[in-house]
Amino acid sequence: MDLILNKRDPIYLQVIHFLKKEIVAGHLCPGEEIPSRRQLANDLKINPNTVQRAYSEMEAENLIHTEPNRPSKITEDPNVLRQLKSEWVNHAVKDFVSAIRNVDISIEEVTELITTEMNHTKTGG
């Protein structure tokens, strides 16, 4: 896992944020197993209780589920996944709008720039 921890935010929140990002990006697929709590703690060199807290919070949000003596898996519930993506995009849009609020630019120009950038990103350019 390519998670680089910072010293500002609680580690368990960073783990949650990272896993959510992997889900919305499609790097973690519905039904896919995620590392065990012990394995992830070892990989990140953090306390297993920290990973346990992150996983517990994600289970409470129905983003992952764990059956006894089985690895935790990403939810397959399309409503939960759709909600996560919607929240992720809404947060990004709010940050973007806040960042450009004082720029003299029309919504049409912004839309064109976004469309161009998304097309550019999709083609790998």
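Look up: the structure comes first, before these words.
On to the overall build of the protein. When you go through the protein residue by residue, the secondary structure sums to five helices and two strands. Each helix (α) and strand (β) of the protein, taken in turn from the N terminus, gives the series α-α-α-β-β-α-α. The C-alpha radius of gyration of the protein comes to 18 Å, more than 25% above the 14 Å expected for a compact globule of 125 residues. Oriented by its inertia axes, the alpha-carbon framework of the protein measures out at about 55 × 35 × 30 Å. Here the protein, with 125 residues, has 26% of them falling under the buried criterion. Of the contacts made within the protein by residues no fewer than 6 positions apart, 50% connect residues no fewer than 24 positions apart. When the accessible surface of the protein is totalled, it reaches about 9100 Å², and 51% of it is carbon and sulfur. Taking the average location of the 15 positive side-chain charges in the protein and that of its 19 negative ones, the two points are 7 Å from each other.

Turning to a nonpolar patch on the surface, a few remarks are in order. Among the surface-exposed residues, Val-89, Val-93, Phe-96, Val-97, Ile-114 and Met-118 lie close enough to one another that they form a single nonpolar patch of about 490 Å² accessible area. Counting only elements with at least two residues in the nonpolar patch, the list comes to α4 (78-100) and α5 (107-122). In this fold, Ile-114 is placed in helix α5. Residue Ile-114 is classed as partly exposed on the basis of its relative accessible area of 37%.

So, about the packing of helix α1 (residues 11-24) against helix α3 (residues 48-60). Between α1 and α3, whose axes approach to 8 Å, the crossing angle comes to 50°. Judged by the angle between their axes, α1 and α3 are oblique. Judged by the twist between their axes, the crossing of α1 over α3 is right-handed. Residues Ile-11, Tyr-12, Val-15, Ile-16, Leu-19 and Ile-23 of α1 form the contact with α3, whose participating residues are Thr-50, Arg-53, Ala-54, Tyr-55, Glu-57 and Met-58. A breakdown of the residues in the contact of α1 with α3 according to their chemical character gives nine nonpolar, one polar and two charged.

Quick look at the side chain of Arg-37 now. Of note, Arg-37 is situated in helix α2 (residues 37-44). At a separation of 3.0 Å, a polar atom in the side chain of Arg-37 contacts the side chain of Ser-72. The contacts of Arg-37, once residues within four sequence positions are left out, are Val-51, Gln-52, Tyr-55, Glu-59, Thr-66 and Ser-72.

Let us look at the packing of α1 against α4. Two quantities define a packed helix pair, namely the angle between the axes and the distance from one axis to the other. Here α1 crosses α4 at 105°, and the two axes come no closer than 10 Å. Between α1 and α4, the interaxial angle falls into the category roughly perpendicular. Each of His-17, Lys-20, Lys-21, Ile-23 and Val-24 in α1 lies in contact with α4, whose residues at this interface are Leu-81, Leu-84, Lys-85 and Trp-88. Of the residues in the contact of α1 with α4, the class split is five nonpolar, one polar and three charged.

Analysis parameters
- Residues numbered from 1 in each chain as written.
- Predicted model: local features only at pLDDT ≥ 70, side-chain atom pairs only at ≥ 80, totals over all residues.
- Heavy atoms only, no water.
- Helix = DSSP H or I, 4+ residues; strand = E, 2+ residues; numbered from the N terminus.
- Rg over C-alpha atoms; globule rule 2.2 N^0.38 Å.
- Buried < 20%, exposed > 50% of the residue type's maximum accessible area, 1.4 Å probe, protein only.
- Contact = heavy atoms within 4.5 Å.
- Areas by Shrake-Rupley, 256 points an atom, 1.4 Å probe, with all protein chains shown as cover.
- Lys, Arg positive; Asp, Glu negative; His and termini not counted.
- Charge placed at Lys NZ, Arg CZ, Asp CG, Glu CD.
- Patch = residues over 30% accessible without salt bridge, like charges linked within 9 Å, V, L, I, M, F, W, Y side chains within 5 Å.
- Salt bridge = Lys/Arg side-chain N within 4 Å of Asp/Glu carboxyl O.
- Axes fitted to C-alpha atoms, helices over the stretch in contact; angles between N-to-C directions.
- Parallel < 35°, antiparallel > 145°, perpendicular 65-115°, else oblique.
- Left-handed = near helix turned anticlockwise from the far one by under 90°.
- Nonpolar A, V, L, I, M, F, W, Y, C, P; charged D, E, K, R; others polar.
- Polar contact = N/O pair within 3.5 Å; in protein donor to acceptor, adjacent residues only side chain to side chain.

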